[in-house]
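Spelled out, the chains give:
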Amino acid sequence: MYTVRKVTEDLFWVGGNDHRLALFENIHPIPRGVSYNSYVLLDEKTVVFDTVDWSVAREFIRNVESVLDGRDLDYLLINHMEPDHGGSIEEILIRYPNAKVISTEKAFLMMRQYGFNIDGREIEVKEGDTMTFGKHTVAFVEAPMIHWPEAMVTFDVTNGVLFAADAFGSFGALDGKLFNDEVNFDRDWIDDARRYYTNIVGKYGPFVQALLGKAGGLDIKYICPLHGPVWRSDLGYIIDKYIKWSTYEPEDKAVMIVYASMYGNTEYAAQALATKLVEKGIKDVVLYDVSNTHVSQLIAETFRVSHIVLASVTYNLGIYPVMHNYLMDMKALNVQNRTFAIVENGTWAPKSGDLMTEFINDELKLCDVLNEQLSITSSINENDERDMEALVDAIVDSVNGKR
Ligand code: FEO
């Protein structure tokens, strides 16, 4: 009848899954859907931790009602106000008129901006405050810019549950499987978790590091994010990923070749480069056509790999527009600490190589561009062999740490 899952003693997942939404935030494709997580604590007082997107509100309300089983709701605790979580606040306030709302000053301001009537119901909390609901005492930890300014996380000091807001979340619907140990996360979820983090939170690495620093002082046994699986084992796995992502350290010594090709000639050069890299022992080589790969996936791979080859035609004496969009996204999401290599193509005036190099040097932090560059006129031929070999050797040496 209901989609409720018990998380631990007194705590229940009451969220919802959406397989209908094509684009998260109307921009990022989510072919595996998405979950909106909400939790109910049954103590001497009853508490709902965050709500859900309006699209799954009906399912959410049914779940809340079933867990409360006739009890009134005492508190609605809001860690994050983005509408994929705050969208059902009013629904809860109307159905449970005695419920007080616990949140931060900035979140209350946003609630009013979104038109919610919370007058007389606010309990404003800040970093270091605690509240007791009976057996359970929670502590509030501000988490600004993860990834909105009002965000906080809440730690239940009684059972070690961290209500992590958007941190440690992932794209992908749960479909009955709630815990990380009920799925093969490293096989089936990590790509979506990385794509979620890098595109939603990636810009704010220093703020994530600050939160990780605070979390390091907590005895966390469960991580309950607002999207994706609940972590109750192997917490080090996901925390290690967050350390790498937030410090912009590559996960893997790997080469991603992103090419922009109009008629297949630059694509052929990219394939030739990939072939030679693999022949020389670089096994983790991935190739993407910038025109048919969503930029959110390119960004996720950019955070994973150590080396990126940009291979672009020249277009209107500039960088191919879709490649330029990828570069702009890298800048927006604060990509740094990567090594780039450049391949350019142009039939009469190849320009994209210099322009991409200039962009990387001027707009991205702590990034290098290898000196060796391949400049093609129309299509690769035997005259390009020496430059191709030099580029391959430079990439291989760089991946292997020899330069
Ligand atoms: Fe999942 Fe920032 O909302």
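Anything mentioned here points back to the structure above.
These notes cover the structure that comes with them. (Residues numbered from 1 in each chain as written. Predicted model: local features only at pLDDT ≥ 70, side-chain atom pairs only at ≥ 80, totals over all residues. Heavy atoms only, no water.)

Focus on the nonpolar core
Logical step 1: In this structure, V7, M111, L310, M323 and Y326 are the most contacted members of the largest nonpolar core, which totals 120 residues.
Logical step 2: The greatest single-element share of this core, amounting to eight residues, is contributed by helix α5 (residues 185-201).
Logical step 3: The residues touching M111, leaving out its near neighbours within four places in the chain, are I78, M81, I89, V101, S103, F116 and I118.
Logical step 4: Grouped together as the second largest cluster of nonpolar side chains are 25 residues, V255, A270, V392 and V399 included. (Core = buried A, V, L, I, M, F, W, Y, C linked by side-chain atoms within 4.5 Å. Buried < 20%, exposed > 50% of the residue type's maximum accessible area, 1.4 Å probe, protein only. Helix = DSSP H or I, 4+ residues; strand = E, 2+ residues; numbered from the N terminus. Contact = heavy atoms within 4.5 Å.)

Observations regarding the packing of aromatic side chains
Between two aromatic rings, the relevant description is the distance of the centres plus the angle of the planes.
Logical step 1: Inspection of every chain in the model, using the stated rule, returns 18 aromatic pairs.
Logical step 2: Ring centres of F24 and Y196 lie 6.4 Å apart, and the angle between their planes is 65 degrees; on these two criteria the pair is classed as edge-to-face. Placement of F24 in strand β4 (residues 23-24) and of Y196 in helix α5 is noted, with a sequence separation of 172 residues between them.
Logical step 3: Note on F24: relative accessible area 4%, which makes it buried.
Logical step 4: A relative accessible area of 0% means that Y196 is categorised as buried.
Logical step 5: Clustering of aromatic rings is evident, with ring pairs tying together F168, Y197, Y242 and W245.
Logical step 6: Directly above the ring of W189 sits R32, whose terminal nitrogen or CZ lies 4.3 Å from the centroid.
Logical step 7: When the ring centre of F179 is taken as reference, the NZ or CZ atom of R232 above it lies at 3.7 Å. (Phe/Tyr/Trp six-rings, centres within 6.5 Å; stacked < 30°, edge-to-face > 60°. Lys NZ or Arg CZ within 6 Å of the ring centre and 35° of its normal.)

Digging into the side chain of D192
Logical step 1: Mapped onto the secondary structure, D192 falls in helix α5.
Logical step 2: Owing to a relative accessible area of 10%, D192 belongs among the buried residues under this scheme.
Logical step 3: The residues contacting D192, other than those within four sequence positions of it, are R32, S170 and F171.

Some points on the side chain of N79
Logical step 1: Relative to the helices and strands, N79 resides in the loop between β9 (75-77) and α2 (83-86).
Logical step 2: N79 gets classed as buried once you look at its relative accessible area, which sits at 1%.
Logical step 3: A polar atom in the side chain of N79 sits 2.7 Å from the side chain of T154. (Polar contact = N/O pair within 3.5 Å; in protein donor to acceptor, adjacent residues only side chain to side chain.)

Observations concerning the sheet that holds strand β15 (residues 161-163)
Logical step 1: The strand order β12-β13-β14-β15-β16 describes an open sheet built from five strands, whose pairing is mixed. Here the strands that pair on one side only, and so sit at the sheet edges, are β12 (130-132) and β16 (222-224). The average angle at which neighbouring strand axes cross in this sheet is 20 degrees, direction not considered. (Pairing = 2+ DSSP bridges. Axes fitted to C-alpha atoms, helices over the stretch in contact; angles between N-to-C directions.)

With respect to the pairing of strand β17 (residues 252-260)
Logical step 1: Taken across its nine residues, β17 has seven buried, putting it largely inside the fold.
Logical step 2: Inspection of the sheet shows β17 paired to strand β18 (residues 285-289) by five bridges, in the parallel sense. Residue V255 lies in a different strand from β18, and its bridge partner there is V285.
Logical step 3: In this fold, β17 hands off to helix α8 (residues 265-279), which returns the chain to β18; that crossover is right-handed. (Right-handed = clockwise from strand over helix to strand, strands pointing away.)

Some thoughts on the packing of α5 against helix α7 (residues 235-246)
A packed helix pair is summarised by two numbers, namely the angle formed by the two axes and the spacing between the axes.
Logical step 1: Where α5 contacts α7, the axes come no closer than 12 Å and their chain directions differ by 35 degrees. As α5 packs across α7, the resulting crossing turns out to be right-handed. When α5 is examined against α7, the residues F185, D186, I190, A193, R194 and Y197 are found in contact with a partner set consisting of Y237, I238, K241, Y242, W245 and S246. (Left-handed = near helix turned anticlockwise from the far one by under 90°.)

Some words on the environment of R71
Logical step 1: Of note, R71 is situated in the loop between α1 (57-68) and β9.
Logical step 2: The residues touching R71, leaving out its near neighbours within four places in the chain, are L42, D43, E44, K45, T46 and Y96.
Logical step 3: Within the structure, the side chain of R71 is placed 2.8 Å from the backbone oxygen of D43, a separation counted as a polar contact.
Logical step 4: A distance of 3.1 Å separates a polar side-chain atom of R71 from the backbone oxygen of E44.

Considering the sheet that holds strand β8 (residues 46-49)
Logical step 1: If you walk across this open sheet you meet the seven strands as β1-β2-β7-β8-β9-β10-β11, and the pairing is mixed. The open sheet is flanked by β1 (5-8) and β11 (122-124), the only strands paired with a single partner. Taken pair by pair, the neighbouring strands of this sheet meet at an average axis angle of 25 degrees, ignoring direction.
Logical step 2: Judged from the three bridges that link them, β8 and β9 form a sheet pairing that is parallel. Bridged to F49 within β9 is L77.
Logical step 3: Relative to the sheet, α1 contacts β2 (11-13), β7 (39-42) and β8, its axis offset from that of β7 by approximately 10 degrees.

Let's talk about α1
Logical step 1: Here α1 spans 16 Å end to end across twelve residues, near enough to the 16 Å set by a 1.5 Å rise per residue.
Logical step 2: Of all the residues in α1, the buried ones are A57, F60, I61, N63, V64, V67 and L68. Around the axis of α1, the buried residues are gathered within 160 degrees of arc, so they sit on the same side.
Logical step 3: Close packing links the buried residues of α1 with β2, β7, β8 and α3 (89-95).
Logical step 4: Phi for D69, located one or two positions after α1, is positive at around 50 degrees. (Expected span 1.5 Å × (residues − 1). Arc of directions from axis to C-beta.)

Describing unusual backbone geometry
Logical step 1: Looking along the chain, the bond that leaves I146 and enters H147 is cis, with omega of 0 degrees.
Logical step 2: Relative to the assigned elements, H147 resides in the loop between β13 (137-142) and β14 (152-156).
Logical step 3: Its identity as a non-glycine residue notwithstanding, D10 has a phi of 75 degrees, on the positive side.
Logical step 4: Here D10 is to be found in the loop between β1 and β2.
Logical step 5: The phi torsion at Y248 lies on the positive side, around 60 degrees, for a residue other than glycine.
Logical step 6: As for its position among the elements, Y248 is in the loop between α7 and β17.
Logical step 7: What makes Y248 buried here is its relative accessible area of 4%.

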